[in-house]
Amino acid sequence: MIAEIIPEAYDAVGRQVARPFDHRRGFHPSFPMGRYVSHPLTVKCDSIKDIRTFLASCEYVSDKELFGKEDFWQPPDEFEKNKKGDCEDFALWTWRQLLNLGYDARFVGGSYGLYGRGHAWVEYFLEGKCYIVEPLRSRIVSTMPRLSTIRYVPKLSISWDGKTLRYFSHKKPALPLGITLLGPLLLDYLIFWTYFWLLNFYRLPRYAWKILHRGIFRRELWWQSRPGKR
């Protein structure tokens, strides 16, 4: 669920912008952003472990299936009642809870995976480091290897200090990672997931079915692909 980023492969800070909701680029909340940070929550989390426990009880459901719309951002107070939603719903609620715990956290929209599928997640800063929080993996792992973060490409993020919403534009790092950096990270990645699946092999058919059935990372929420391109 949580992994420290690789600074050379992830633009964590970005550049502050005044107009984030560019219809061409596709960052489209269903309500004014103030709605997502102003309404009180009924679920009180005292730690990240509590956040993970609640998320593990929630179900991924597409906006089309749940609301009959291609894209709908549930406010966090509604999500914790429904306990159903897609990636941005999970991420918005997680963001609110991290803010309540005092973390310097952001809601992030961008792309994930080999083909740049639209996705939403959370990041937070602690002691000079940035960490990705993947709410959709709350049932699987509490931490992830650092190499997992190279599949996340932030495009826009939002911060909230209790008074002001700030918006940031991010860019993809231009330089590829060198072998001297990738080598140790790849070894750590392989050891982590090998050990994980040895412990959880009996759960593999259920995980595989859920991924195939729901298509968790296949929604393009943020940027529409052009015809003939991925």
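Residues numbered from 1 in each chain as written. Predicted model: local features only at pLDDT ≥ 70, side-chain atom pairs only at ≥ 80, totals over all residues. Heavy atoms only, no water.

Chemist: Talk me through the nonpolar core; I want residue IDs and the actual numbers.
Modeler: Within the largest apolar cluster, 34 residues are counted, with the highest numbers of intra-cluster contacts made by M33, W93, W95 and F107. Where this core is concerned, the elements lending two or more residues are α1 (34-38), α2 (48-56), α5 (87-100), β5 (104-112), β6 (117-126), β7 (129-133) and β9 (165-169). The element contributing the most residues to this core is α5, with eight residues. (Core = buried A, V, L, I, M, F, W, Y, C linked by side-chain atoms within 4.5 Å. Buried < 20%, exposed > 50% of the residue type's maximum accessible area, 1.4 Å probe, protein only. Helix = DSSP H or I, 4+ residues; strand = E, 2+ residues; numbered from the N terminus.)

Chemist: I'd like a rundown of the pairing of β6, residues and numbers included.
Modeler: For β6, a buried count of seven out of 10 residues is recorded, marking the element as mostly surrounded by other parts of the structure. Sheet topology places β5 next to β6; nine bridges connect them, and they run antiparallel. Looking at the pairing, F107 lines up with V122 of β6. The sheet contact formed by β6 and β7 spans five bridges and is antiparallel. Paired with F125 across the strands is C130, a residue of β7. Following β6, the chain reverses through two residues before pairing antiparallel with β7; E127 in that reversal takes a positive phi of roughly 50°. (Pairing = 2+ DSSP bridges.)

Chemist: Can you explain the pairing of strand β8 (residues 152-160)? Please cite residues and give values.
Modeler: Here is the key point about a regular strand: its side chains alternate between the two faces of the sheet. Counting buried positions along β8 gives seven out of nine residues, so the element sits mostly inside the fold. Note: β5 against β8, seven bridges, orientation antiparallel. Residue pairing across strands places G110 opposite P154, the latter belonging to β8. Here β8 pairs with β9 via five bridges, running antiparallel. Residue pairing across strands places S157 opposite F168, the latter belonging to β9.

Chemist: If you had to explain the pattern of salt bridges to someone new, which residues and values would you point to?
Modeler: Any two side chains of opposite charge can pair, so long as their charged atoms come close to each other. Under the counting rule described, the total for this entry stands at six salt bridges. The partner of E70 in a salt bridge is K64, with the nearest N and O atoms 3.5 Å apart. Among the ionic pairs, R166 bridges to D161, the shortest N-O distance being 3.0 Å. Residue class for R166 comes out partly exposed when judged on its relative accessible area of 30%. (Salt bridge = Lys/Arg side-chain N within 4 Å of Asp/Glu carboxyl O.)

Chemist: Tell me about the state of the cysteines, residues and numbers included.
Modeler: Counted according to the given criterion, the structure contains zero disulfides. With no disulfide of its own, C58 lies 10.0 Å from the sulfur of C45, the closest cysteine sulfur. (Disulfide = S-S within 2.5 Å.)

Chemist: Talk me through unusual backbone geometry; I want residue IDs and the actual numbers.
Modeler: Despite not being glycine, K83 shows a phi value in the positive range, around 55°. Tracing the sequence through the fold places K83 in the loop between α4 (76-82) and β4 (84-85). Among the residues examined, K83 registers a relative accessible area of 31% and is labelled partly exposed. A positive phi angle is found at E127, which is not glycine, with a value near 50°.

Chemist: How would you sum up the sheet that holds strand β2 (residues 15-17)? Please name residues and give values.
Modeler: Strand order in the open sheet formed by seven strands is β1-β7-β6-β5-β8-β9-β2, with antiparallel pairing between adjacent strands. Each edge of the sheet is formed by a strand with only one pairing partner; in this case those strands are β1 (2-4) and β2. Sheet twist, expressed as the mean angle between neighbouring strand axes with direction ignored, is 35°. Packing against the sheet, α5 makes contact with β5, β6, β7, β8 and β9, and its axis sits at approximately 10° to β6. (Axes fitted to C-alpha atoms, helices over the stretch in contact; angles between N-to-C directions. Contact = heavy atoms within 4.5 Å.)

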